[in-house]
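Structural overview for review
Take a look at the letters that make up each chain.
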Amino acid sequence: AVVIKLRRSFGLRRARCLCFAPPATVDAARAREAAEYVVSVVHDDDFIPRSQVASIIGLYRELLGYDWLPPAKAELRSFFRSIPAWLKAAVPCDEVLAKAEAALEGRMQAWRAARCRQGIEVAADSPTAAACPDDGTGSGEAEKKPRLLHVPGFVLHLARSDGAVGYAAARVPAEALERLELSE
C-alpha cells in the first residue's frame, strides 16, 4: 500500500516492493494494477494473506454447516475394524459401536438444536439447516457483505508438492486467496 501511495502521490515510478505473507489491504482493481511493481509471496495455506472479515465469516459459516456425523461414524467403524481378534472375542464390539454411534447422533441433534436456539443461520443446503424449520418470519433484508480486500500485486504462491524440491511456485490471481483453507 505504501508503494502504491509513493507511485501515485509522489510520482516515484521506480519504487518496487517484495512482500512476504502480506495481508489483504487493497481492492481488486488496485491489486491488479500493482502487479507491475509489487510481488507478494504467499506460502501454502498461510492465514494472514487470506484473513479478512469476509473470508473469516465465510469460514465460520462453512464450519457451522459442516456435517461432522458421517466422518465421525466412519472413524469409529475404522477403529473397531482395527481391534485385534483376541480383544473382539472379549468385548461386545457391535454393541459398543451401536451405543457410540447413537451417542454421536444425539450429540449432532443437540448441536443442531443449539444452533436453532441461538438463531444462527447456515446455508440452506447444509445438513444443519434441516434442524431449523422455516417459520416464515424471515426478515427479508439482504445481508450486508463486508468489502472484499486483496493481496496487492503479482501473487507468487509457494505450495508443497511431491517433486524433488518438495515445493512448487505458481502465479495466482489475487482472488485465489479470498477463501480461508484449513489444511491437515
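Residues numbered from 1 in each chain as written. Predicted model: local features only at pLDDT ≥ 70, side-chain atom pairs only at ≥ 80, totals over all residues. Heavy atoms only, no water.

1. Side note on the overall build of the protein
As a reminder, the rule being used: By definition, any uninterrupted DSSP run of H or I lasting at least four residues is a helix, any uninterrupted run of E lasting at least two residues is a strand, and each is numbered from the N terminus. In this scheme, a residue with accessible area under 20% of its type's maximum is buried, one over 50% is exposed, and one in between is partly exposed, where area comes from a 1.4 Å probe on protein chains only. Working rule for contacts: check all heavy atoms of both residues, and any pair within 4.5 Å makes them a contact. Accessible surface is estimated by sampling points in the Shrake-Rupley manner with a 1.4 Å probe; for residues, cover comes only from the protein chains shown.
From N to C terminus, the protein includes six helices and four strands. The order of helices and strands in the protein, counted from the N terminus, is α-β-α-β-α-α-α-α-β-β. Across the 184 residues of the protein, 29% fall into the buried class. A sequence separation of at least 24 residues applies to 65% of the contacts in the protein between residues at least 6 apart. A total accessible area of about 12,500 Å² is found for the protein, and carbon and sulfur atoms account for 58% of it.

2. Looking at the side chain of E101
With respect to the helices, strands and loops of the structure, E101 is situated in helix α6 (residues 93-118). According to the relative accessible area criterion, E101 is buried, its value standing at 14%. Setting aside residues up to four positions removed in sequence, E101 forms contacts with K73, L76 and R77.

3. Section: the environment of P70
Among the secondary structure elements, P70 is positioned in helix α4 (residues 69-81). Spatially, the C-alpha atom of P70 lies 9.9 Å from that of E101, the residues being 31 residues apart in sequence.

4. Brief notes about the packing of α4 against α6
Which entries qualify depends on this criterion: Geometry is summarised by axes, namely lines fitted to C-alpha atoms with helices restricted to the contacting stretch, and by angles between N-to-C directions that run from 0 to 180 degrees. Roughly parallel means an angle under 35 degrees; roughly antiparallel means over 145; roughly perpendicular covers 65 to 115; every other angle is labelled oblique. Left-handed describes a crossing whose near helix is turned anticlockwise from the far helix through less than a right angle; right-handed describes the clockwise counterpart. In this count, Pro and Cys sit with the nonpolar residues alongside Ala, Val, Leu, Ile, Met, Phe, Trp and Tyr, while Asp, Glu, Lys and Arg are called charged and the others, Gly among them, polar.
With their axes 10 Å apart at the nearest point, α4 and α6 run at an angle of 165° to one another. As far as their axial angle goes, α6 and α4 are roughly antiparallel. Two packed elements cross with a definite hand, and for α4 against α6 that hand is right-handed. Counted together, L69, A72, K73, L76, R77 and F80 of α4 and C93, V96, L97, A100, E101, L104, E105 and M108 of α6 form the full contact between these two elements. Of the residues assigned to the contact of α4 with α6, the class counts are ten nonpolar, no polar and four charged.

5. Some details on the packing of aromatic side chains
Each pair of aromatic rings is reported with the distance of its centres and the angle of its planes. Filter applied, for reference: Two rings belonging to Phe, Tyr or Trp (six-membered ring only in the last case) form a pair when the distance between their centres is within 6.5 Å. Interplanar angles under 30 degrees mark stacking, angles over 60 mark edge-to-face geometry, and anything in between is tilted. In this scheme, Lys NZ or Arg CZ marks a charge over a ring once it lies within 6 Å of the ring centre and within 35 degrees of the ring normal.
Under the criterion given, the structure shown has one aromatic pair. With centroids separated by 5.5 Å and ring planes inclined at 80°, the aromatic side chains of F79 and F80 adopt a geometry described as edge-to-face. When its relative accessible area of 11% is taken as the criterion, F80 is described as buried. The ring of Y37 carries R7 above its face, with NZ or CZ at 3.7 Å from the centroid.

6. Description of the nonpolar core
Most often, soluble globular proteins have nonpolar side chains that are buried together. Quick reminder of the rule: By nonpolar core is meant a set of buried Ala, Val, Leu, Ile, Met, Phe, Trp, Tyr and Cys residues that side-chain atoms within 4.5 Å join together.
V3, I4, A34, Y37, V38, V155 and L177 are the most contacted members of the largest nonpolar core, which has 15 residues in total. Residue contacts for L177: discarding those within four places in its chain leaves V42, P49, R50, V151 and V155. In terms of nonpolar packing, the next biggest core, distinct from the first, is built from ten residues, F80, I83, C93 and L104 among them.

7. Looking at the pairing of strand β1 (residues 17-20)
Worth spelling out the cut-off: Between any two strands, at least two bridges found by DSSP are needed for them to pair. By the criterion used throughout, a crossover qualifies as right-handed when its path from the first strand across the helix to the second strand runs clockwise, the strands pointing away from the viewer.
Two elements, β1 and strand β2 (residues 38-43), share four bridges in a ladder whose sense is parallel. Note on β2: the bridge partner recorded for C19 is S40. A crossover connection joins β1 to the parallel β2 through helix α2 (residues 28-33); in handedness this β-α-β unit is right-handed.

Read these as spatial facts, not as claims about activity.
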